[in-house]
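So the chains spell out like this:
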Amino acid sequence: MNNIEKIENYIAAAGKHTTTDIVIKNGKIVDVFNGEIIEQDVAVHQGMIVGIGDYEGNVIIDAKGQYICPGFIDAHVHIESSLVSPTQFAQVVLPHGVTTIVTDPHEIANVSGAKGIQYMIDNSEGIPLDVFFMLPSSVPATSFENNGATLIADDLRPFLKDTRVLGLAEVMDFPAVKNCDHHMLEKLKLTSQIDGHGAGLDQDGLNIYRAAGIQTDHEATTVKEAKERLQRGMYLLIREGSVAKDLKALLPVVKPHNMSRCMFCTDDKHLDDLIKEGSIDHNVRLAIKEGVDPISAITMASLNPAICYGMKTKGAIAPGFEADFFFAESLEELMITSVYKAGKLVGQTGEYVGEILGYGSSSIGLNETVRIGEVKKEDLFIPLKSNKVNVIGVIPNSLVTKKLEVTLEETTAEFSALIEKDLLKMAVFERHHYTGNIGLGIVKGLQLKNGAIATTIAHDSHNLVVAGTNDEDMIMAVHALRDMQGGLVYVVEGEIKAALTLSIAGLFSDRDYTKVNEELIAFKHALKENGFDPGFNPFLTLSFLTLPVIPEVKLTDKGLFDMSVFKHISVEI
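Residues numbered from 1 in each chain as written. Predicted model: local features only at pLDDT ≥ 70, side-chain atom pairs only at ≥ 80, totals over all residues. Heavy atoms only, no water.

Details of the packing of aromatic side chains
Next, step 1: In this structure the tally under the stated criterion is twelve aromatic pairs.
Next, step 2: Judged by centre distance (5.7 Å) and plane angle (50°), the ring pair of Phe-174 and Tyr-209 falls under tilted. Placement of the pair is Phe-174 in helix H5 (residues 174-178) and Tyr-209 in helix H7 (residues 203-211), with a sequence separation of 35 residues. The pair formed by Phe-174 and Tyr-209 is uniform in burial state, with each residue classed as buried.
Next, step 3: Pairing Tyr-490 with Phe-532 gives two aromatic rings, centres 6.4 Å apart and planes at 75°, and the pair type is edge-to-face. Of this pair, Tyr-490 sits in strand E26 (residues 487-492) while Phe-532 sits in the loop between helix H15 (513-529) and helix H16 (538-544), and the two are 42 residues apart along the sequence. Grouping residues by exposure puts Tyr-490 and Phe-532 together as buried.
Next, step 4: These aromatic residues form a ring-pair network of at least three members: Phe-144, Phe-561 and Phe-566.
Next, step 5: The cationic tip of Lys-16 hangs over the ring face of Tyr-55; the distance from NZ or CZ to the ring centre is 4.9 Å. (Phe/Tyr/Trp six-rings, centres within 6.5 Å; stacked < 30°, edge-to-face > 60°. Helix = DSSP H or I, 4+ residues; strand = E, 2+ residues; numbered from the N terminus. Buried < 20%, exposed > 50% of the residue type's maximum accessible area, 1.4 Å probe, protein only. Lys NZ or Arg CZ within 6 Å of the ring centre and 35° of its normal.)

Focus on the domain arrangement of the protein
Next, step 1: Domain boundaries in the protein define domain 1 (3-65), domain 2 (70-314) and domain 3 (377-568).
Next, step 2: Averaged C-alpha coordinates put domain 2 and domain 3 at centres separated by 26 Å.
Next, step 3: Listed by partner, the interface residues are 41 residues for domain 2 and 44 residues for domain 3.
Next, step 4: Interface of domain 2 and domain 3: buried area, both sides summed, is about 3600 Å²; carbon and sulfur atoms make up 65% of it.
Next, step 5: Area buried by domain 2 at its contact with domain 3 is led by Leu-83, Phe-144 and Val-243, which between them contribute 20% of it.
Next, step 6: Counting the contacts that link domain 2 with domain 3 gives one salt bridge. (Domains from an automatic or database assignment. Contact = heavy atoms within 4.5 Å. Buried area = accessible area lost by both parts, 1.4 Å probe. Salt bridge = Lys/Arg side-chain N within 4 Å of Asp/Glu carboxyl O.)

Things to note about the UniProt feature "domain: Amidohydrolase-related" (unreviewed entry) in the protein
Next, step 1: The positions UniProt marks with the feature "domain: Amidohydrolase-related" (unreviewed entry) are residues 67-346.
Next, step 2: Strand forms 20% of residues 67-346 and helix 34%; the C-alpha atoms that close the span are 17 Å apart. (UniProt positions renumbered as here; feature names shortened; annotations may be inferred.)

Here we look at helix H2 (residues 86-93)
Next, step 1: Burial runs high along H2: eight of the eight residues are buried.
Next, step 2: Along H2, the residues that are buried comprise Pro-86, Thr-87, Gln-88, Phe-89, Ala-90, Gln-91, Val-92 and Val-93.

Some thoughts on the sheet that holds strand E13 (residues 216-217)
Next, step 1: Overall, parallel pairing links the eight strands, which are arranged E8-E9-E10-E11-E12-E13-E14-E15 in an open sheet. Single-partner strands in this sheet number two, and they are strand E8 (72-77) and strand E15 (262-265).
Next, step 2: As defined by bridge partners, E8 adjoins strand E9 (residues 98-103) across four bridges and the pair is classed as parallel. Looking at E9, one finds that Asp-74 is bridged to Ile-101. (Pairing = 2+ DSSP bridges.)

Below is the structure:
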């Protein structure tokens, strides 16, 4: 059927010259344009909404007095952080009313380059969830660490031919923008739709980003930062993920006159959290609980991101919009009962009920990415001539860390973990090119009392990161991950207490999401048995302690990095 025939069919159904495919009756339509509730029929024909009014259809859906809400859009998410492939991710988020996402595949791209991007595009083709892509702008993320690939503008340009590719993803290399780096400018020229990553930027930095054409940011953590972004015409993406939980802190900035520039995202959210509390629906419920008008919160999760990213047929229950919607018994509690994608039922009472999805495209070529030799005890040696040291200070549920200057009680030849003070040894191993690089540091706040934790999820270059109370367990954890070819591992006194294999680029699994979730729950149970607070996830925290574009101090394979001065510093003061 060509486009003219489609339009003719839509017009005929809208004008009641033909019977529509589906009519929803007895529902309360959430009108995101006027902020009102409409009690009329909704006519759906060939996957599109063609009318609001009084209609008859071949299929009648009785909403039974429930609210009819537009499908939610996650404005910025890394699928890789869910630990499952796009086909599996879709089955997790669709029952939560999320029918569209805007994803940045820079996690897999930093490991496997263009091949990784193509896998994500292929794996998400033809599934019920609409997956749109922003092309990774920062591969590598910075010059302060080693990653697995380099993508310049010429590598990205061919992907722009795909209709699901919308623009350039979060630009996080601020020095490259500020200094008009040639390669960065070539990327900025690729498209007019550009996302930002303005963590720690002052007003001058934001001015530079806006002058470069960058339009959005999801890194505001305070009302002041949020307001500065809105003042400069940026779209504000309010994030609530597994580690970065900024929603409650930012909501006070949302006012009637700026609400249209605000939307929600998850950024990075683990599989078990998505299943347990939800995706963007969780953000909306939190916002409503914090006092945001329910229709406004729903608008921020639907129409606003659709407008921002040029999705002209998404984000509303109105003629000419795609039939992506869900039913909820109450707007205040927003408990979703049924979810429809293009007029087809895909979610019901929290379960995916759409067509059976396979595992999508093959991941061959992405499964052997952990390239590390034998690790010896001397590789973890941190020499000390002074008892004053720079320490990475963890802030729970935040990507931001504190640069701590700690005075040890006595001077020793090398640093050993001080468990009673929660001072642990930490190491980052370059795992892409056998360089042998090992960055060493000290971290406070991981709450580990015994053993070692390690993962190949180490944003954004995704080297191998390990932290522990003793060298022996740290070495065993590193070797275990090398043999597993990626994942998460927890070692205590020479015994592997828990392990989760993530074979695709060392970032996520190609297995069924239910199996991965079972293993993830078992993993958390092991942590709890060994004294970890269930409200604190040490692995998620550890995975962001390597991200040198987030204040204040992080650890890369090249050593301890201080973002305030944009250079590496020594452990000793």
